[in-house]
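# Geometric and topological summary
Read off the chains here:
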Amino acid sequence: MNRNQLLWGLASLMGLACSALWAAQPLDEAGLPINAGMAGSWANANIPGQGLFIDVDPVSRTIFLAWFTYTDSPLMSESTIGSADNHWFIALGTYEAESSSVEMSLIETQGGVFDQSDPVSETEVGQLILRFNSCESAEMDFLFDENNLQGSIEMMRLTAADVCTSLAES
Amino acid sequence: MFHDDGFLYVSDGSDATVLRYDALSGEFDREFVTSGGNGGLNNPHSLRFGPDGHLYVASRGSNSVKRYDGATGQYMDDFVAAGSGGPQGTGTIDNPAGLLFAELDSDSGQAINAGMSGAWTNLETLGQGMFLDVIPGDQRIFMGWFTYETETASAFNADNGNHRWMVAIGPYQGDTATLELLAVDGGTFNGPDPVVENPVGTATLQATSCTEATFTYALDAGPGGTMTLSRLLPDALCAELSGTTGAGDENE
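A brief report on the enclosed structure follows. (Residues numbered from 1 in each chain as written. Chains lettered and ligands numbered in written order. Predicted model: local features only at pLDDT ≥ 70, side-chain atom pairs only at ≥ 80, totals over all residues.)

## Description of the interface of chain A and chain B
Just so we agree on the cut-off: Whether two residues are in contact depends on their C-beta atoms, placed from the backbone: they are in contact if these lie within 7 Å. Runs of E in the DSSP output that reach at least two residues are strands. Runs of H or I that reach at least four are helices, and both are numbered from the N terminus. Residues are grouped as follows: Ala, Val, Leu, Ile, Met, Phe, Trp, Tyr, Cys and Pro are nonpolar; Asp, Glu, Lys and Arg are charged; all remaining types, including Gly, are polar.
Listed as interface residues are 63 residues of chain A and, on the opposing side, 61 residues of chain B. Secondary structure elements with two or more residues in the side of chain A that touches chain B: α1 (3-6), α2 (13-16), β1 (40-43), β2 (51-57), β3 (62-70), β4 (86-94), β5 (101-110) and α3 (162-169) of chain A. The residue inventory of the side of chain A that touches chain B, partitioned by class, reads 27 nonpolar, 27 polar and 9 charged.

Next up, the structure:
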């Protein structure tokens with residue numbers, strides 16, 4: 001697997017925003033029940049450079065994820081770490097037993113400094129729904145409160161899903 | 001016995017059970033090993049969690065050491081069966097009362113496995129951290145590091161909270177991964193713009209256990225350091241996988 005395959009992409013959410021079916025997608029539609037093997041990196045291969053890292057705790061039925069993306073437009077500011085246009089969100093939610101989907105709070109943080117203990121504030125900026133169709137395929141719906149920006153993205157597992165497959169078959 | 005899951009485990013000799021209590025308050029939590037599912041436990045004495053994350057109990061009345069699922073308490077097997085240790089009557093296990101797991105290799109850490117995929121953070125710098133994705137087939141790790149710019153928000157445009165993120169990829173062997181850190185530039189939110197990957201430094205990740213690792217980084221721009229990473233969510237698979245070659249049962 002080369003680096004380009006690992007560096008993820010997402011579909012054009014802006015283009016999909018008007019046709020998104022945020023409220024029409026039921027949480028309990030058929031899919032693969034969530035398991036711990038779904039932890040890892042997910043993305044849409046059509047657009048490079050953005051995606052999700054997911055973690056799953058099957059005991060508390062908690063999913064925590066980070067959405068690595070960018071600002072809407074270049075900020076043209078200085079940067080010594082990463083890119084000045086980097087933007088990331090985190091999301092946290094709990095799922096029901098045998099459920100293939102989870103509704104999560106989308107959270108933006110402010111105030112942090114690289115590798116320092118400065119306090120960080122967290123603000124809920126929207127909602128996010130993940131539905132797992134299989135160990136390799138999922139859909140992510142998102143809705144931002146501020147500008148009603150919403151969309152739906154097909155996500156694919158970036159790396160091997162062997163653990164997920166094994167757990168799903170057990 | 002206090003365990004790092006926040007509970008106190010106590011063997012109950014009369015009922016042949018293992019009871020679980022809150023380690024801080026002492027409040028009863030539940031019957032972890034039940035009398036109806038104890039696999040023949042008889043007069044339990046010493047108990048320990050093993051390197052595979054499961055609970056081992058010395059069963060004095062049955063002259064055996066029984067193993068229970070570390071997450072559910074369900075009986076698994078007789079890890080040391082009655083009669084072990086030699087011909088009957090010549091030194092076989094008899095009235096076992098103590099358990100001790102010797103360090104298998106105190107100089108080495110935890111071999112990296114797919115169960116380490118997930119969120120990790122430095123507890124000293126909450127609000128930033130790493131996600132690991134372990135790729136056993138390639139013996140490689142893919143990592144995302146979500147963090148911030150090095151200066152305070154007033155020095156830069158704060159529209160994005162001075163967010164910064166990097167990715168890293170590299171091979172691992174045993175408990176150690178050697179990673180190349182990459183900044184990814186040129187993207188816009190959900191836009192199809194091509195991106196450019198720029199090497200910005202190197203890092204080493206050494207797993208000391210399924211829930212703790214040491215991360216050492218050196219960025220070409222100057223910053224460098226070492227931090228202790230802790231698993232943000234409880235370990236679900238690493239301990240299980242470290243004792244087997246395949247995927248383990250899910251701890252539900």
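What follows continues from the structure just given.
## Overview of unusual backbone geometry
Our working definition: Three exposure classes are used, all based on how many other C-beta atoms lie within 10 Å of a residue's own C-beta (placed from the backbone): buried at 20 or more, exposed at 12 or fewer, and partly exposed between those limits.
One non-glycine residue with positive phi stands out, namely A:Arg61, at about 55 degrees. Taking the number of C-beta atoms within 10 Å as the measure of exposure, A:Arg61 has 16 and is therefore partly exposed. Phi angles above zero are rare outside glycine, and B:Ala16 is one such case at about 55 degrees. The residue B:Ala16 is located in the loop between β1 (7-12) and β2 (17-22) in this model. A tally of 21 C-beta atoms within 10 Å means that B:Ala16 is categorised as buried.

## Regarding the nonpolar core
For clarity, the cut-off: Note on terminology: a nonpolar core is any set of buried Ala, Val, Leu, Ile, Met, Phe, Trp, Tyr and Cys residues joined through C-beta atoms within 7 Å.
Counting 82 residues, the largest nonpolar core has A:Leu65, B:Ile141, B:Met143 and B:Ala168 as the members making the most contacts within it. By size, the runner-up hydrophobic cluster in this structure holds 13 residues, among which are B:Val18, B:Leu55, B:Val57 and B:Tyr68.

## Some details on the pairing of strand β4 (residues 44-49) of chain B
Remember that side chains alternate between the two faces of the sheet whenever the strand is regular. Residue and element names in this part refer to chain B. Definition in use: Criterion used throughout: strands pair if DSSP finds at least two bridges between them.
Across 4 bridges, the pairing between β4 and strand β5 (residues 55-59) is antiparallel. When the sheet's bridge partners are listed, Arg 48 is paired in β5 with Tyr 56. Connecting β4 to the antiparallel partner β5 that follows it, the hairpin turn spans 5 residues, and Gly 53 within it adopts a positive phi of roughly 85 degrees.

## Description of the pairing of strand β6 (residues 64-68) of chain B
Residue and element names in this part refer to chain B. Across the 5 residues of β6, 4 count as buried, placing the element largely inside the fold. As paired strands, β5 and β6 are joined by 5 bridges and run antiparallel to one another. The residue of β6 that forms the bridge with Val 57 is Lys 66. Adjacent in sequence and paired antiparallel, β5 and β6 are bridged by 4 residues, among which Asn 63 carries a positive phi angle near 55 degrees. In the sheet, β6 pairs with strand β7 (residues 75-80) via 4 bridges, with the strands oriented antiparallel. In the sheet register, Tyr 68 faces β7, and the bridge partner there is Tyr 75. If you look at the hairpin formed by β6 and β7, you'll find 6 residues sitting between the two strands, and Gly 73 has a positive phi there, around 85 degrees.

Purely spatial values, then, with no claim about function.
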